[in-house]
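One letter stands for each residue in the lines below.
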Amino acid sequence: MYTQADLAPTGRSDTIRIHKPEDFVGMRAAGAIAAACLDMLVKYVAPGVVTDDLDQLAREFILDHGAIPACLFYRGYPKTLCISSNHVVCHGIPSAKTLKDGDIINIDVTVIVDGWHGDTSRMFTVGNVKRNAQRLIDVTYEALQRGIKCVKPGATLGDIGAAIQEYAEEQRCGVVRDFCGHGLGRVFHDNPNVLHYGTRGTGAELKEGMFFTIEPMLNLGKPAVKILADGWTAVTRDKSLSAQFEHSMGVTATGVEIFTLSPTGLHNPAAVE
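Definitions and cut-offs
- Residues numbered from 1 in each chain as written.
- Predicted model: local features only at pLDDT ≥ 70, side-chain atom pairs only at ≥ 80, totals over all residues.
- Heavy atoms only, no water.
- Helix = DSSP H or I, 4+ residues; strand = E, 2+ residues; numbered from the N terminus.
- Pairing = 2+ DSSP bridges.
- Axes fitted to C-alpha atoms, helices over the stretch in contact; angles between N-to-C directions.
- 1 Å grid on protein atoms, 1.4 Å probe; cavity = no way out; pocket = protein on both sides within 12 Å on 5 of 7 lines; lining within 4 Å.
- Points joined across faces, edges and corners; volume = space filled by probe spheres on them.
- Nonpolar A, V, L, I, M, F, W, Y, C, P; charged D, E, K, R; others polar.
- Buried < 20%, exposed > 50% of the residue type's maximum accessible area, 1.4 Å probe, protein only.
- Contact = heavy atoms within 4.5 Å.
- Salt bridge = Lys/Arg side-chain N within 4 Å of Asp/Glu carboxyl O.
- Parallel < 35°, antiparallel > 145°, perpendicular 65-115°, else oblique.
- Left-handed = near helix turned anticlockwise from the far one by under 90°.

> Before we go on, may I ask you to explain unusual backbone geometry in this structure?
For the bond from Asn-191 to Pro-192, the omega torsion is 5 degrees, close enough to zero to count as cis. Relative to the helices and strands, Pro-192 resides in strand β8 (residues 190-194). For Phe-73, which is not a glycine, the phi torsion comes out positive at approximately 75 degrees. Among the structural elements, Phe-73 can be located in the loop between β1 (68-69) and β2 (82-85).

> Looking at this structure, I do not really get the sheet that holds strand β12 (residues 234-236). What am I missing?
Note: strands within a sheet are paired through backbone hydrogen bonds, in either parallel or antiparallel orientation. Within the open sheet, the three strands sit side by side as β3-β12-β11. Their pairing is antiparallel. Two strands lie at the open edges of the sheet, namely β3 (88-90) and β11 (225-227), each paired on one side alone. Direction aside, the axes of adjacent strands within the sheet are offset by 40 degrees on average. Sheet topology places β3 next to β12; two bridges connect them, and they run antiparallel. Of the residues in β12, the one forming a bridge with Cys-90 is Ala-234.

> Which parts of the structure should I look at to understand empty space enclosed by the protein?
Any empty space left between atoms is shown by rolling a water-sized probe over those atoms. A full pass over the atoms with the stated rule returns one cavity of 30 Å³ or more. If you trace the largest cavity, you find it lined by Ile-16, Arg-17, His-19, Gly-183, Leu-184, Asp-190, Asn-191 and Phe-211. Along the lines of polarity and charge, the residues of the lining of the largest cavity split into three nonpolar, three polar and two charged.

> What am I meant to see in the layout of surface pockets here?
In this model, the largest pocket occupies a volume close to 500 Å³. Every residue lining the largest pocket is counted, 26 residues in all, and those nearest its centre are Tyr-74, His-91, His-182, Phe-188 and His-189. For the lining of the largest pocket, the elements supplying multiple residues, two or more each, are β2, β4 (104-113) and β7 (181-183). With three residues, β4 is the single largest residue contributor to the lining of the largest pocket. Considered class by class, the residues forming the lining of the largest pocket number ten nonpolar, ten polar and six charged.

> Just checking my understanding: could you explain the side chain of Asn-268 for this structure?
Its place among the elements puts Asn-268 in the segment after β15 (256-258). On the accessibility criterion, Asn-268 (14% relative accessible area) is buried. Once residues within four sequence positions are removed from consideration, Asn-268 is found in contact with Met-123, Ile-137, Asp-138, Tyr-141 and Phe-245.

> Just to check I follow, could you spell out the sheet that holds strand β13 (residues 242-244) for this structure?
Across the sheet, which stays open at both edges, the three strands sit in the order β6-β10-β13 with antiparallel pairing between neighbours. Two strands lie at the open edges of the sheet, namely β6 (174-175) and β13, each paired on one side alone. Pairing of β6 with strand β10 (residues 217-219), which is carried by two bridges, proceeds in the antiparallel orientation. Pairing of Gly-174 across the sheet is with Asn-219, part of β10.

> Just checking my understanding: could you explain the pattern of salt bridges for this structure?
Side chains carrying opposite charge are able to pair once their charged atoms draw close together. Across all of its chains, the model carries eight salt bridges by this definition. A salt bridge links Glu-257 to Arg-28, with the nearest nitrogen and oxygen atoms 2.5 Å apart. Residue Glu-257 is located in strand β15, and its partner Arg-28 is located in helix α2 (residues 23-41); the two are separated by 229 residues in the primary sequence. Given the relative accessible area of 39%, Arg-28 is considered partly exposed. Taking the shortest distance from any N to any O, the salt bridge between Asp-39 and Arg-122 comes out at 2.6 Å. Taken as a pair, Asp-39 in helix α2 and Arg-122 in strand β5 (residues 116-125) lie far apart in primary sequence, 83 residues in all.

> Could you clarify how one ought to interpret the packing of α2 against helix α3 (residues 51-64) in this entry?
How two helices pack is summed up by the angle between their axes together with the distance between the axes. Two elements in contact, α2 and α3, have axes whose closest approach is 10 Å; the angle formed by their N-to-C orientations is 140 degrees. Taken together, α2 and α3 sit at an angle that is classed as oblique. Handedness of the crossing formed by α2 with α3: right-handed. Taking contact as the criterion, the partners of Ile-33, Ala-36, Cys-37, Met-40 and Leu-41 in α2 are, on α3, Leu-54, Leu-57, Ala-58, Phe-61 and Ile-62. Its residues placed into classes, the contact of α2 with α3 shows ten nonpolar, no polar and no charged.

> Looking at this structure, how should I read the side chain of Lys-79?
Here Lys-79 is to be found in the loop between β1 and β2. Taking the relative accessible area as the measure of exposure, Lys-79 reaches 19% and is therefore buried. Once residues lying within four places of it in the same chain are set aside, the contact partners of Lys-79 are Asp-52, Asp-55, Cys-71, Leu-72, Ile-93 and Pro-94.

In structure tokens, the structure reads:
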């Protein structure tokens, strides 16, 4: 059954796809399950928890809700989730590793529902985290919100990147260049590339019916990353902390619809109340 994820369409379009109003229905369904999966995991993130156990919980949740784990076996990836801790920027592979007090982790999940992809990630804190780690999480969350506020017909991809970069660098955080947001829908990774840096007024114009993710990755240090020997795990070169938030969304006639909002309001589980 899991192999269906590997058989999902991977054909990247040469142009940016414009989706029909009925396609929003499919994206809402996929986004809702992905977001609910992250909500479910909140109570399990604690010191001593094995990351592979979180992966198993997510896989069972997704299947129980009639969806397919999109990442499992996708281009050889071995797990349902990406769990990236501390200086891991993205694509951390769940394993026998246990969470430790003070860790910050990003959990990234993508599901397929009737062929549509819901892709989202959030930051989680493990026990008591240091002030600089909490600040990085808060800045990254705000950077995502500022990018999303730019999404409307007539704006450009450069507007999104500039809004994120300007805020992040004002807060003395490095913006990762090696990874970006992406188009999605029936294809997991499609046009356009959504950079998290750039110049306002440049890049493709946003049009009603475009679907894509925005997923800024910010470092407390420099932007540079490297890929470990497993071929997946990306880490900061200077071993500084990294954080990321991600939403899937569609451009509407008047602005934006976010498909992956938390159904219970846990948009930023790491926020300090």
